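Residues per chain, in single letters:
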Amino acid sequence: MKDSDYIPPQVWQWTGEKTDLNQPTSGSRYEHKLPVGKHPLQLYSLATPNGQKVTILLEELLALGHVGAEYDAWLIKIGEGQQFGSGFVEINPNSKIPALVDHSQNPPLRVFESGSILLYLAEKFKAFIPTDIAARTECLNWLFWQMGSAPYIGGGLGHFYAYAPVKIEYAINRFAMETKRLLDVLDQHLAKHEYLAGQEYSIADIAAFPWYGSVIKGWVYNADEFLSVDQYKHVQRWADAILARPAVQRGRMVNRTFGDLASQLHERHDASDFETKTQDKLQ
Ligand SMILES: N[C@@H](CCC(=O)N[C@@H](CS)C(=O)NCC(=O)O)C(=O)O
């Protein structure tokens, strides 16, 4: 491996511009009131893997008959900096999607971090989280495992393999190795268990599928061949089973701004929007 010429200074200084999206500070950058729709649950999001987790769970809850899970999903264009508007920062000081407000609580309750949102909704509706202590703990083990491991895939592999302006061999090797190690953890577990928490499909699967399913299917970073994903047979079997669920298919469409126009439902305010408001129908 070639040596890098870079020697870190004594004290790191930010060299970016005030107009850059990524800055080393937090807080709102402009005043903006978020819209509020007719349902108790207001979601502000985008269909990245972290965003999809929440819309998949909401669609699963609705499919199970939980009418209280009806929701308005508003689009937050993170590429345009909408996560830095004052209204969004009030509900997530970390300025990342997804963020949820539950207006059925008084005062309305903010929920941020996708894992926290999944747990909040699963507990609120007593669904997709096992009640048995052993299975529940296993579900949370895998939920937190996914939350902890996502930055290795997105911020690590995704950033250095697909998005960074320079290809850095050390960084790509490091995060390809970590991603493959994580896929192997999942593959070995799924060789013995139908779903992550055991027999029952749960929020652990709903958290992990948008990330690991996307990597295994080559939907993100174009890294499927690079990572030889065909070798993870059990992850493939698990991802196929989850993808076959109609609620998962609907959840993946909400707040989606890429891909087939027929698969993009920019905002979702009613169940009928899937039939009438996809981008192919609106254009
Ligand atoms: N740990 C957070 C991560 C959320 C996250 O990284 N969201 C990304 C999109 S996937 C985002 O909003 N990025 C905007 C930004 O970094 O400014 C969660 O799971 O909710």
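Note: the structure precedes this text.
Residues numbered from 1 in each chain as written. Predicted model: local features only at pLDDT ≥ 70, side-chain atom pairs only at ≥ 80, totals over all residues. Heavy atoms only, no water.

Draft legend 1. Broad picture of the sheet that holds strand S1 (residues 41–45). In spatial order, the strands read S2-S1-S3-S4; together these 4 strands make up an open sheet with mixed pairing. Where the open sheet ends on each side, the last strands, each with one partner, are strand S2 (71–75) and strand S4 (109–112). Strand-to-strand twist across the sheet, computed as the mean angle between neighbouring axes with direction ignored, equals 20 degrees. Relative to strand S3 (residues 99–102), S1 runs antiparallel, the two sharing 4 bridges. Considered in S3, the bridge of leucine 43 is made with leucine 100. (Pairing = 2+ DSSP bridges. Helix = DSSP H or I, 4+ residues; strand = E, 2+ residues; numbered from the N terminus. Axes fitted to C-alpha atoms, helices over the stretch in contact; angles between N-to-C directions.)

Draft legend 2. Fine view of unusual backbone geometry. Cis geometry marks the peptide bond from isoleucine 97 to proline 98, where omega comes out at 0 degrees. Structurally, proline 98 can be placed in the loop between helix H2 (86–91) and S3. In this structure, proline 107 follows asparagine 106 across a cis peptide bond, with omega equal to -5 degrees. In this structure, lysine 126 takes a positive phi of about 50 degrees despite not being glycine. Looking at the secondary structure, you find lysine 126 in the loop between helix H3 (114–125) and helix H4 (133–163). Even without a glycine there, the phi angle at asparagine 222 is positive, about 50 degrees. Among the secondary structure elements, asparagine 222 is positioned in the loop between helix H6 (203–217) and helix H7 (233–243).

Draft legend 3. Spotlight on the pairing of S1. Across the 5 residues that make up S1, a large majority, 5, are buried. Of the two faces of S1, both are covered, the one formed by Leu41, Leu43 and Ser45 as well as the one formed by Gln42 and Tyr44. Viewed along the sheet, the connection from S1 through helix H1 (residues 49–63) into S2 turns out right-handed. (Buried < 20%, exposed > 50% of the residue type's maximum accessible area, 1.4 Å probe, protein only. Right-handed = clockwise from strand over helix to strand, strands pointing away.)

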